[in-house]
Every structure is written in C-alpha cells, then in structure tokens.
Amino acid sequence: MEKKEIKKLWRFYSIADYEKEEAFLNEMARAGWNLTAVGFCRYIFRRGNEGEYIYKLDMVERTESDEVKESYFTFLTDCGIRVVGEFKDWIYLQKRASEGPFDMKNDKYTRLRQVNKVYSFSLRTVCNLLRIFVAIILVLIILQMLMSNNVRVTEFCNGVMLGVGVSSLIALVIIWVPIVNKLRCKVNKLIGDIGVNL
C-alpha cells in the first residue's frame, strides 16, 4: 500500500493579506503539495504532482442564502473548479493548472468587488467587536449599580471594565485599524487604476 505524505503547516495571514495567502498556496502546489483542508492558521497538504493544481480564494457573503451559495458552488464545479476548504466567509478553490488560470478576478472591476467585500467584512467585524465591548461594559455598569453596597463586586466590575476598555482599544488600534486602512488603500488604488474620480 502506497504511503500518502501529509504536511500540516501553520501560517497567519490577516484578512487584508488574502493575496499573499493565495500566493503561498500556489507556491506549495508548484512544489507538489496540494491543499486538502484549511482551518484557523492551519493548512493540510497532500503530496501530489508538482504544478498539478492552482488555487484561488473567494469570499462568500454571509447575506447570501444557502440556495444561492449552493448554486454558486454548482457553477464552480461546472467550470472545473473544486471547493477544497471553507473557513469563516472564505472558500478555497482548486483548479487543474492544465485548464488555465482562474478567470474570476483578473479584471480591475472584479478585483475591486472582491477587495470591497473584504473591506466591508472588516468594517462589520470592527462594529461587531465594538458592540460586544459596549454590551459587556453596560452589563457591568448595571451589575455595579445593583450591587453598589458590595465593595468587592464594585471593585471587580471596575477592574473588568478597565480590562475590557483597554483590550478593546488595543484590539482596534493595533490589529483592526491597520487591516482596515490597508484594505481602504487597496480599494482606493483600484478605483484610481479604473480611472474613477471621487
């Protein structure tokens, strides 16, 4: 029985670096490692023929119904494209290299649409994080008001509110602001390349 070679790699790519992630997957495919599964920062590859497949990432919007998503997957299959993995809103697409390059995102308008989807997703994520942080702080304020005669509860609530406030500020400033800014720059560059004056 032939032994199948499996390789598990851990890599971190921010949402703004999806093109680098694609380049990594295609580099692995050129070396003969074909993607079989994906998770948070985790990639599983199986040994295959060098350059047999090429890969592309696409974002499927959450607003799309299961029927629309299934129809899109059927369309991809009819085009000789296989979905080899899904993570969050991303799908990882595989196609035989002999069938030519992906024609999905090659022109500037479709690239702009893709970058804009990623940008919108990032902004929604920032807003959702802010909502969570505000909700936690409001619950703690209400708990503090209800238990105002208990000093330990008040001190606990103050400490947690400070921790949540500082961690949310750090998350926004250090993590999300650069990601959203990088995506905004990509959107603006593509708009400039298309020749649209804002």
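Scroll up for the structure.
To keep things clear, this report deals only with the structure shown in the data block. (Residues numbered from 1 in each chain as written. Predicted model: local features only at pLDDT ≥ 70, side-chain atom pairs only at ≥ 80, totals over all residues. Heavy atoms only, no water.)

1. Regarding the overall build of the protein
Summing up its helical and strand segments, the protein has four helices and six strands in all. When the helices and strands of the protein are placed in sequence order, the string is β-α-β-β-β-α-β-β-α-α. Residues counted as buried form 37% of the 198 residues belonging to the protein. (Helix = DSSP H or I, 4+ residues; strand = E, 2+ residues; numbered from the N terminus. Buried < 20%, exposed > 50% of the residue type's maximum accessible area, 1.4 Å probe, protein only.)

2. What to know about the nonpolar core
One recurring pattern in soluble globular proteins: nonpolar side chains tend to sit buried together. With 31 residues, the main nonpolar core has I15, L25, L35, Y43, F45, W90 and Y92 as its most contacted residues. Those elements that place two or more of their residues in this core are α1 (18–30), β2 (33–39), β3 (42–47), β4 (53–59), β6 (90–96), α3 (108–146) and α4 (151–194). The element contributing the most residues to this core is α4, with six residues. Excluding anything up to four places from it in sequence, F45 contacts E5, I6, K7, L9, F24, L25, M28, W33, N34, L35 and T36. Of all hydrophobic cores here, the second largest spans seven residues; its members include V60, F73, I91 and F102. (Core = buried A, V, L, I, M, F, W, Y, C linked by side-chain atoms within 4.5 Å. Contact = heavy atoms within 4.5 Å.)

3. With respect to the sheet that holds β6
What the three strands build is an open sheet, ordered β4-β6-β5; its pairing is antiparallel. Edge positions in the sheet fall to β4 and β5 (81–87), since each of these pairs with one other strand and no more. Going across the sheet, the axis of each strand differs from the next one's by a mean of 25°, ignoring polarity. One ladder, built from seven bridges, connects β4 with β6; its direction is antiparallel. (Pairing = 2+ DSSP bridges. Axes fitted to C-alpha atoms, helices over the stretch in contact; angles between N-to-C directions.)

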